[in-house]
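# Summary of the model geometry
Residue-level listing of the chains:
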Amino acid sequence: MAGDAQPSAGEAAVFCRPVVTAPAVVRRDGSVLAGAWLPDLVRLGELERHLGDGVIESVADAAIAEGRLRKRERRRIMSYPLVIRLMIAMTLMPDGSYCEALARLAGLLADVPFALEWHVPTGKVVTEWRLLVPADVMESVFWEAAGPLIGDDEPSAVLLAGMTVCAADGMLVNLADTPANRAMFGCTGTAEQDGEAAAPFPQLRIVALTARAGRAMLGAALGSTRAGEQTLLKRLARRRPDLFAGRVVCFDRNFPGHELITAILDAGGHVIARMKEGISLDFADSQDRGWLPDGSRLSWLNAPSGKKEDRLPVRVAEHSVLVTGPDGEEVSETCTLITTLLDGQAVPAGVLRDAYPNRWTASETTFGENKATITGAGRRTSGPVLRSGSPRLAEQEAWAWLTSTQLVRASEAGDSDPQQWVLEKALPVHTTRPWWPRPSLFGR
């Protein structure tokens, strides 16, 4: 700015942080404005490093081309990419209003004198713009973020017979208690779905495929409480078989079923699952009882058709585990695992036993971290709850929430020093290039 002049020693100097690069608009009075439009410049800061700059714009452009979003003929105070970024940011700011979240998202850009003046819109305007963005557009952004965060050669990765071990599980998330949400999603734990005898909140069911390495979310499916976990996981396997191909999926006693396991096998994956007590797993060979050298045995799952030729062959491995009994003392309990990996030499029973506990570190830990970001959302309750009052916006918010938590973990996995990572670093916004403002510079 000083041209060819060089400052002298002791001369006062002002040190500035670059915020935006834009064409200069010079007024007659000599004042200089930025020839740009703020909604085009807002970014998600560190979060967008993993997602990739321009990905959200590409998703919005594709939705416009497909007719899922209506093309806007002129500039407005909001834009589709800005709405998408706002929803992602708001899931990490559970008690922030629309205006507070948008002001923080704009960051230092709000102080730039643009030729086209911009201001934080009202909550009503933001809601109107949210209603224009279908949930499937936000879902498209999620799939851009979903996937492994750490390579198979990292210490935290778990491999079995050359395949990555991951977990499938479901969770229920509380929603804002509105008649529309109750009618669409329902609730659990009570016979009544509405009224004083009903559960305090309607709930959304989410089934996800997760990896232990980086606690990455590989994929997810949403449904109402009336949709079973097996149904949602089977739908995910059939719609996105690439998620299961070459992977071993661990899941608990609520999931094993002929149709679901067949869908995963058809996708190119394998299964390790715990079986409920009382389910008969007959020996495959009545003469030698089907025992294998590693102590496992062959059996089958009956097909819905009831035909013998449709039965699904599985291998059964049993071992004892210590659990806490009703009186607080540890008691021994038999844990029965089944797997579609039938070769006992390639994958012995002991290897299956050691691989299955990764279900907890992959799914339970991931879900717990996710719910920690929305605890007390909107000051509606002390527990995790999504704040949107309509089913359409609740699904949109759910996909934004899954996206934001995946991006936070991606930033942590890619950080040079994960121990110094704090959530504050995930919230500041890029302008034209990535940068991390000091914590004192945001949250105005």
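Residues numbered from 1 in each chain as written. Predicted model: local features only at pLDDT ≥ 70, side-chain atom pairs only at ≥ 80, totals over all residues. Heavy atoms only, no water.

## Observations concerning helix α12 (residues 358-372)
Residues lying three or four places apart along an α-helix face the same way, a consequence of the helix completing one turn every 3.6 residues. Quick reminder of the rule: Note on conventions: DSSP H or I runs of at least 4 residues are helices, E runs of at least 2 residues are strands, and numbering of each starts at the N terminus. The span you would expect from a helix comes to 1.5 Å times its residue count less one. Buried means the residue's accessible area, taken with a 1.4 Å probe over protein chains only, is under 20% of the maximum for its type, while exposed means over 50%, and partly exposed covers the values in between. Throughout, a contact is declared for two residues whenever any of their heavy atoms are within 4.5 Å.
Taking 1.5 Å as the rise per residue, α12 with 15 residues should run 21 Å; its terminal C-alpha atoms sit 21 Å apart, in good agreement. Within the span of α12, buried status applies to Asn358, Arg359, Ala362, Ser363, Thr366, Phe367 and Asn370. Check the buried side of α12 and you find it contacts β4 (163-175), β5 (203-211), β6 (217-224), β7 (247-251), α11 (349-355) and α13 (391-414).

## Brief notes about the pattern of salt bridges
This is how it is decided: For salt bridges, the criterion is a side-chain nitrogen of Lys or Arg within 4 Å of an Asp or Glu carboxyl oxygen.
Evaluation of the coordinates by the stated rule reveals 19 salt bridges. In this structure, the salt-bridge partner of Glu259 is Lys234, at a minimum N-O distance of 2.8 Å. With a gap of 25 residues between them, Glu259 in helix α10 (residues 258-266) and Lys234 in helix α9 (residues 229-239) connect regions that are remote in the sequence. The partly exposed category is assigned to Glu259, whose relative accessible area is 38%. Judged by relative accessible area, Lys234 falls into the buried class, the value being 17%. One network of salt bridges, in which partners are shared, links Arg43, Glu48, Asp53, Glu57 and Arg85.

## What to know about unusual backbone geometry
Peptide bonds are, in most cases, trans, and in most cases residues other than glycine have a negative phi. One non-glycine residue, Ala161, lies in positive phi territory at about 55°. The exposed category is assigned to Ala161, whose relative accessible area is 52%. Non-glycine residue Arg215 carries a positive phi angle of around 50°. With respect to the secondary-structure elements, Arg215 resides in the loop between β5 and β6.

## Looking at α13
Across its 24 residues, α13 extends 35 Å between first and last C-alpha, which sits within 8% of the 34 Å expected from 1.5 Å per residue. Summarising burial for α13: 19 of the 24 residues are buried, a large majority.

## Some points on the packing of helix α4 (residues 80-90) against helix α6 (residues 123-132)
Worth spelling out the cut-off: For helices, the fitted axis covers only the stretch in contact; all axes are lines through C-alpha atoms, and the angles between them, taken along N-to-C directions, range from 0 to 180 degrees. Our angle categories are set so that under 35 degrees counts as roughly parallel, over 145 as roughly antiparallel, 65 to 115 as roughly perpendicular, and the remainder as oblique. Charged residues are taken to be Asp, Glu, Lys and Arg, nonpolar residues to be Ala, Val, Leu, Ile, Met, Phe, Trp, Tyr, Cys and Pro, and polar residues to be all remaining types, Gly included.
Contact geometry for α4 and α6: axes closest at 10 Å, N-to-C directions at 100°. Between α4 and α6, the interaxial angle falls into the category roughly perpendicular. The residues of α6 that touch α4, namely those facing Tyr80, Val83, Leu86 and Met87, are Val126, Trp129, Arg130 and Leu132. In the contact of α4 with α6, the residues fall into 7 nonpolar, no polar and 1 charged.

## Description of the nonpolar core
Condition: What is meant by a nonpolar core is a set of buried Ala, Val, Leu, Ile, Met, Phe, Trp, Tyr and Cys residues, joined one to another through side-chain atoms within 4.5 Å.
Counting residues in hydrophobic clusters, the biggest one holds 104 residues, and the most contacted among them are Ile206, Leu233, Phe244, Phe251, Ile338 and Leu402. Every residue in contact with Ile206, bar those within four places of it in the chain, is listed here: Asp169, Gly170, Met171, Val173, Ala220, Ala221, Leu222, Trp401 and Leu402. Membership of the second largest hydrophobic core comes to 16 residues, among which are Val165, Cys250, Leu341 and Ala349.

## Section: the environment of Val271
Take Val271: it is sitting in strand β8 (residues 270-274). The class for Val271 is buried, based on a relative accessible area of 1%. The spacing of Val271 and Ala167 is 104 residues in sequence and 9.5 Å in space, taken between C-alpha atoms.

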